[in-house]
Amino acid sequence: MLQINFECPYCKKSLMDPSYQIDDHPSLKVTIIFENKCGWIRMSSLYGSTHIESEHPIPDKTLTRFFCPNCGTELRSHRLCDKCNAPMVPFKITEGGLVEVCSRRGCEKHLAEFEDLEAELKAFYTAYSSYM
Ligand SMILES: [Zn+2]
Ligand SMILES: [Zn+2]
């Protein structure tokens, strides 16, 4: 299986935690908030694996907000999940590209783009600045 190294799309710091392994590889660690609970979530960095562990159990179908543990920026795409309409969560691939996962627990929608990161970020910033 392909192992992917992830970093924050904003501060570019690695999100990988070699000290905590899932599927025998470093986990992808971010901060999540749901239902007034704040904690960590760790996800498998193997492409296609949906194994996760979290500090607090996340009830099925819960919408979760993801934050970079380094810069605190909310990881939120302008795109909505085409299965359940929840916001997608973007992770930058260190080697180039982007993976987006659905922010709803239990929805296994994944989207990978190994190119076109520039257009994605540009679209995000355009969407974001229109709220300012
Ligand atoms: Zn960051
Ligand atoms: Zn979804």
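Residues numbered from 1 in each chain as written. Chains lettered and ligands numbered in written order. Predicted model: local features only at pLDDT ≥ 70, side-chain atom pairs only at ≥ 80, totals over all residues.

A look at the overall build of the protein
Per the secondary structure count, the protein includes one helix and nine strands. When its helices and strands are written in sequence order, the protein yields β-β-β-β-β-β-β-β-β-α. Burial analysis of the protein (132 residues in total) assigns 27% to the buried set. (Helix = DSSP H or I, 4+ residues; strand = E, 2+ residues; numbered from the N terminus. Buried ≥ 20, exposed ≤ 12 C-beta atoms within 10 Å, placed from the backbone.)

Some details on the nonpolar core
One finds Leu15, Leu28 and Val30 to be the most contacted residues of the largest nonpolar core, which totals 18 residues. Among the secondary structure elements, those contributing two or more residues to this core are β3 (25–34), β4 (37–43), β7 (88–93) and β8 (98–102). Each residue touching Val30, except ones within four places of it in the same chain, is listed here: Leu15, Ile41, Phe66, Phe67, Cys68, Pro69 and Leu75. (Core = buried A, V, L, I, M, F, W, Y, C linked by C-beta atoms within 7 Å. Contact = placed C-beta atoms within 7 Å.)

Examining the environment of Ile33
You can see Ile33 is positioned in strand β3. Separated by 30 residues in the primary sequence, Ile33 and Leu63 have C-alpha atoms spaced 9.1 Å apart. Other than its neighbours up to four places away in sequence, Ile33 contacts Cys38, Arg65 and Phe67.

Some thoughts on the environment of Met16
Mapping Met16 onto the fold places it in strand β2 (residues 16–22). Classification of Met16 by C-beta neighbours within 10 Å gives partly exposed; the count is 19. As for Met16 and Lys29, which are separated by 13 residues in sequence, their C-alpha atoms are 6.1 Å apart.

A look at the pairing of β2
Bridge count for β2 against β3 is four bridges, and the pairing is antiparallel. Residue pairing across strands places Asp17 opposite Ser27, the latter belonging to β3. Between the antiparallel neighbours β2 and β3 lie two residues, among them Asp23 with a positive phi of about 55 degrees. (Pairing = 2+ DSSP bridges.)

Observations regarding the environment of Cys11
Tracing the backbone shows Cys11 in the loop between β1 (6–7) and β2. Separated by 60 residues in sequence, Cys11 and Cys71 have C-alpha atoms that sit 6.4 Å apart. Those residues in contact with Cys11 that lie beyond four places of it in its chain are Cys68, Asn70 and Cys71.

Side note on unusual backbone geometry
Even without being glycine, Asn36 reaches a positive phi, approximately 65 degrees. Here Asn36 shows up in the loop between β3 and β4. Residue classification places Asn36 among the exposed positions, given that 5 C-beta atoms sit within 10 Å. Positive phi outside glycine occurs at Asn85, with the angle close to 70 degrees. Residue position: Asn85 is located in the loop between β6 (65–67) and β7.

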